[in-house]
Amino acid sequence: MALPTAPITAPESLVPRRTSPRRKFGSWVHRRPRARLVGLLAAPITWMVIIYLGALFILLLNAFWAKDPFTGKVEPFSWTLDAFKTIASNPVYTTIALRTMGMAILVTVTDALLALPIAYYMARVASPAKRRLLVVAILIPLWAAYLVKVYSWRIILQGHGLVDWAVAPFGMHGPGLSDIMNTWIVLSYLWLPYMILPLFAGFERVPSSLIEASADLGGRSMTTFRRVMLPLVFPALVAGSIFTFSLTLGDYITPDLVSDTKFIGNVIYDNAANVNLPVAAAYSLIPIAIMVVYLLVARRLGAFENL
Amino acid sequence: MTEPRYVRVLLRIATIGVLVFLFLPIVVLAIQAFNSSKLLTWPPPDFTLHWFSDAAGNPQIVQAFQNSIVAATVATILALILGTLAALAVQRYDFFGKQTISFIFVLPLALPGVITGIALRTSYVTFGIDLGMLTIIVGHATFCVVVIYNNVIARLRRVPRTAEEASADLGADSFTTFRRVTLPAVRTALLAGALLAFGLSFDEIIVTIFTAGPGTQTIPLWIYSAIQRPNELPVVNVVAVVVILLSVIPVYLAQRLSGDVAASAAL
């Protein structure tokens with residue numbers, strides 16, 4: 001090996017050849033991780049905090065502002081509890097809030113029951129080729145436009161539709177477009193893929209070694225499922241339930257299109273349309289409060305790693 | 001775990017049942033688009049292609065399509081920039097308030113859409129901002145950011161930091177490292193996220209109703225108003241089928257581009 005004759009210098013690539021402003025800035029940034037972090041976060045944080053959180057804050061303020069009785073316009077900084085009094089004085093608002101929460105729970109339980117077997121089958125029984133196919137088969141109805149799916153259920157459920165035709169031989173009639181049960185069916189349909197996909201991922205992540213260990217220790221398959229598998233996929237179930245619960249809580253188009261029932265979303269929408277923004281704003285604090293509590297509990301249960 | 005045989009059979013039956021349930025409305029809609037009866041009775045008395053030409057010749061539909069495409073494109077571009085920056089910061093750095101930021105970035109999709117809608121509308125009204133395309137785009141970008149953020153962060157978790165460190169050791173500055181190392185690693189996740197965000201924006205109605213002015217229509221807004229007019233239902237069917245195709249094709253492409261999609265598409 002020949003000894004170097006020339007004095008040792010840094011390799012050329014380490015010596016900045018051109019000191020263009022961009023390059024100068026680049027190396028300045030490179031030496032300052034804090035500056036890099038600020039540069040990365042500045043735009044997204046500005047957007048999310050000013051536009052999104054800012055909008056939520058304005059919504060909160062509007063709930064405490066008075067409305068001009070003639071023009072319907074909200075007068076900023078005219079503090080009042082009128083909107084809350086309106087909501088508290090009319091029991092309909094309470095009924096609707098409870099009905100919506102009941103429906104959200106019902107839809108979540110329905111979707112969990114429907115999703116568990118198919119998610120389990122996809123993750124642990126189906127062959128890899130079949131699994132890929134099934135994932136696509138879940139993604140198609142998930143991504144087919146929301147409104148179009150609701151609309152299609154409307155055609156199925158309406159008089160002389162598919163349901164009427166199917167039950168006619170038994171001398172029965174379809175539910176028409178007024179039944180609250182329609183809302184239950186359609187909402188469960190709409191959010192089912194949101195439950196299947198996290199559950200599928202959850203089942204897939206369960207290490208086979210744990211299942212084998214359980215079997216070696218004498219656990220029958222039902223015991224293994226209940227004592228080993230379910231606790232491990234529970235965070236995924238909670239992750240899925242965030243969607244089924246939250247989406248049901250806020251939906252107003254489905255109840256409007258397939259039933260005569262009013263949900264929380266309808267109250268917000270109707271009040272916004274009738275330019276009673278304070279009542280709409282005050283009422284929307286109910287689903288916000290419910291969802292914030294739900295999300296905090298879900299995060300504690302480890303659901304966020306399963307989103 | 002090897003399940004008993006009867007359990008496998010039951011699981012298979014349940015799976016088929018759920019699949020039938022999931023595809024029933026889509027299939028019914030596809031058939032109804034060719035139904036010759038304006039009343040959309042079942043079974044269809046006869047089939048026709050007539051409604052397709054009716055839909056293509058409707059200037060309102062054409063205009064709504066253009067609006068939807070413009071809104072989805074701009075919202076997706078905004079979301080790509082904001083979502084990628086945020087994902088890089090949260091995944092590659094440790095800092096005070098990181099948990100809060102990751103929480104804020106889940107919020108627009110975790111809170112019901114009606115909340116985002118009414119919050120934006122209230123703000124627009126409070127500040128006297130005219131409702132139109134711009135206000136629609138701002139609303140769409142806000143939840144599209146979340147989709148991109150989730151896709152990129154899921155990918156970054158799987159791309160080890162070592163490649164970026166090696167690049168820095170070899171003398172590349174932060175921008176060069178991003179352009180030559182990080183970007184190629186997350187490129188398919190970005191593309192997949194962009195397709196999903198586009199699809200999400202294209203179909204959005206719950207937020208859009210609140211943020212659109214009376215004069216601006218997107219395709220979902222047009223469908224929602226046309227549903228109330230029985231005469232237009234056959235044309236609605238046609239538009240609905242086209243919309244399903246247009247929203248499913250990007251997802252199929254996204255799925256082929258990136259395996260992450262299965263998990264993150266739920267968001």
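What you see as residue numbers is a count from 1 along each chain, following the sequence as written. Chain letters and ligand numbers both follow the written order, the letters beginning at A and the numbers at 1. Whole-chain, interface and lining totals are the exception, using all residues; otherwise, since this is a predicted model, local features are given only for residues with pLDDT of at least 70 and side-chain atom pairs are given and counted only at 80 or more.

**Re the overall build of chain A**
Helix and strand counts for chain A stand at 13 helices and two strands. The atom set for the radius of gyration is the C-alpha atoms, and the globule formula is 2.2 Å times the number of residues raised to the power 0.38. Over its C-alpha trace chain A gives a radius of gyration of 28 Å, far above what one expects of a compact globule, namely 19 Å for 307 residues. Expressed as lengths along the three principal axes of its C-alpha atoms, the size of chain A is roughly 100 × 65 × 40 Å. With C-beta atoms placed from the backbone, the exposure class of a residue follows from how many other C-beta atoms lie within 10 Å of its own: 20 or more, buried; 12 or fewer, exposed; in between, partly exposed. Within chain A, buried positions represent 44% of all 307 residues. Note that contacts rest on C-beta atoms placed from the backbone: two residues are in contact if these are within 7 Å. Put simply, of all contacts in chain A between residues at least 6 apart along the chain, 69% involve residues at least 24 apart. Put simply, DSSP H or I for four residues or longer makes a helix, DSSP E for two residues or longer makes a strand, and each gets a number counted from the N terminus.

**A short note on the overall build of chain B**
Secondary structure summary: chain B contains 13 helices and zero strands in total. The N-to-C order of helical and strand elements in chain B reads α-α-α-α-α-α-α-α-α-α-α-α-α. Projected onto its principal axes, the C-alpha positions of chain B cover 70 × 65 × 30 Å. Counting across all 267 residues of chain B, residues that qualify as buried make up 52%. Considering only intrachain contacts with a sequence separation of at least 6, the fraction spanning at least 24 residues in chain B is 77%.

**So, the interface of chain A and chain B**
Contacts between chain A and chain B engage 88 residues on the former and 83 residues on the latter. Counting residues per element, the side of chain A that touches chain B draws most heavily on helix α2 (residues 33–63) of chain A, which supplies 18 residues. Residue polarity is assigned by list, with Asp, Glu, Lys and Arg as charged and Ala, Val, Leu, Ile, Met, Phe, Trp, Tyr, Cys and Pro as nonpolar; anything else, Gly included, falls into the polar class. Of the residues belonging to the side of chain A that touches chain B, the class tally is 70 nonpolar, 15 polar and three charged.

**Structural notes on helix α6 (residues 146–157) of chain A**
Residues and elements named next belong to chain A. Along its twelve residues, α6 runs 17 Å from first to last C-alpha, staying within 8% of the 16 Å computed at 1.5 Å per residue. Counting buried positions along α6 yields twelve of twelve residues, so the element is predominantly enclosed. Every buried residue of α6 is accounted for by Y146, L147, V148, K149, V150, Y151, S152, W153, R154, I155, I156 and L157. Helix span is expected to be 1.5 Å times the residue number reduced by one.

**A few points about the nonpolar core**
Under the definition applied here, buried Ala, Val, Leu, Ile, Met, Phe, Trp, Tyr and Cys residues are grouped into a nonpolar core through C-beta atoms within 7 Å. By size, the foremost hydrophobic cluster in this structure holds 180 residues, and its most contacted members are L199(A), A79(B) and I223(B). If sequence neighbours within four positions are ignored, I223(B) has contacts with L147(A), Y151(A), V236(B), V239(B) and A240(B).

**Quick word on the environment of I81(B)**
All names here are of chain B. Tracing the backbone shows I81 in helix α3 (residues 59–92). The class for I81 is partly exposed, based on 15 C-beta atoms found within 10 Å. Spatially, the C-alpha atoms of I81 and L107 are 19 Å apart, while their sequence positions differ by 26 residues.

**Regarding the packing of α2(A) against helix α6 (residues 113–126) of chain B**
For the pair α2(A) and α6(B), interaxial distance at closest approach is 8 Å and the crossing angle is 75 degrees. The angle between α2(A) and α6(B) places the two elements in the roughly perpendicular class. Side by side, α2(A) and α6(B) meet where G54(A), A55(A), L56(A), I58(A), L59(A) and N62(A) of the first sit next to I118(B), A119(B), L120(B), T122(B), S123(B) and T126(B) of the second. Class assignment of the residues belonging to the contact of α2(A) with α6(B) gives a composition of seven nonpolar, five polar and no charged. Helix axes are fitted to C-alpha atoms over the stretch in contact, other axes to C-alpha atoms as well, and angles between N-to-C directions run from 0 to 180 degrees. Throughout this description, any angle smaller than 35 degrees is read as roughly parallel, any larger than 145 degrees as roughly antiparallel, any in the 65 to 115 degree range as roughly perpendicular, and the remainder as oblique.

**Structural notes on the confidence of the model for chain B**
Residues and elements named next belong to chain B. In this model, chain B carries an average pLDDT of 86, and 96% of its residues clear a pLDDT of 70 or more. For chain B, helix α13 (residues 261–264) is the element with the lowest average pLDDT, namely 44, and α3 is the one with the highest, namely 93. Between residues 261–267, whose pLDDT stays under 50, and residues either more than four places distant or in other chains, the model counts 25 contacts. Listed scores for the predicted complex are pTM 0.85 and ipTM 0.85. Scored between 0 and 100, pLDDT is the confidence that the predictor attaches to each residue.

**A few points about unusual backbone geometry**
Residues and elements named next belong to chain A. In this model, F77 sits at a positive phi of 65 degrees, which is unusual for a non-glycine residue. Its location among the elements puts F77 in strand β2 (residues 74–79). Residue classification places F77 among the exposed residues on the basis of 8 C-beta atoms within 10 Å.

**Comments concerning helix α5 (residues 128–143) of chain A**
The periodicity of an α-helix, 3.6 residues per turn, causes residues three or four positions apart to be oriented the same way. With 16 residues, α5(A) should cover 22 Å at 1.5 Å per step; its first-to-last C-alpha distance of 23 Å lies within 8% of that length. Inspection of α5(A) places L134(A), V135(A), I138(A), L139(A), P141(A), L142(A) and W143(A) among the buried residues, and these make up the whole buried set.

**Considering the pairing of β2(A)**
Residue and element names in this part refer to chain A. Between any two strands, at least two bridges found by DSSP are needed for them to pair. Bridge analysis of strand β1 (residues 65–67) against β2 gives three bridges, and the strand direction is antiparallel. Within β2, the residue paired with K67 across the bridge is V74. Connecting β1 to the antiparallel partner β2 that follows it, the hairpin turn spans six residues, and G72 within it adopts a positive phi of roughly 80 degrees.

**Notes on the packing of α2(A) against helix α13 (residues 277–300) of chain A**
Residue and element names in this part refer to chain A. It is the contact of α2 with α13, at a shortest axis distance of 7 Å, that shows an interaxial angle of 115 degrees. As far as their axial angle goes, α13 and α2 are roughly perpendicular. In this structure, the crossing between α2 and α13 has a hand that is left-handed. Judged by residue contacts, L59, N62 and A63 of α2 engage L277, P278, A281, A282, S284 and L285 from α13. Split by residue class, the contact of α2 with α13 holds seven nonpolar, two polar and no charged. Helix crossings are classified by the rotation of the near helix relative to the far one: an anticlockwise turn of less than a right angle makes the crossing left-handed, while a clockwise turn makes it right-handed.

**Concerning the confidence of the model for chain A**
Interpretation of the predicted coordinates at a detailed level should be avoided for regions scoring low in pLDDT. Overall, the predicted model of chain A reaches an average pLDDT of 86, with 93% of residues at or above 70. Taken element by element, the predicted model of chain A shows its lowest mean pLDDT in helix α1 (residues 21–30) of chain A (74) and its highest in helix α4 (residues 91–125) of chain A (95).

**Quick notes on the environment of A166(A)**
Relative to the assigned elements, A166(A) resides in helix α7 (residues 162–167). Placed 19 residues apart in sequence, A166(A) and L147(A) show a C-alpha to C-alpha distance of 24 Å.

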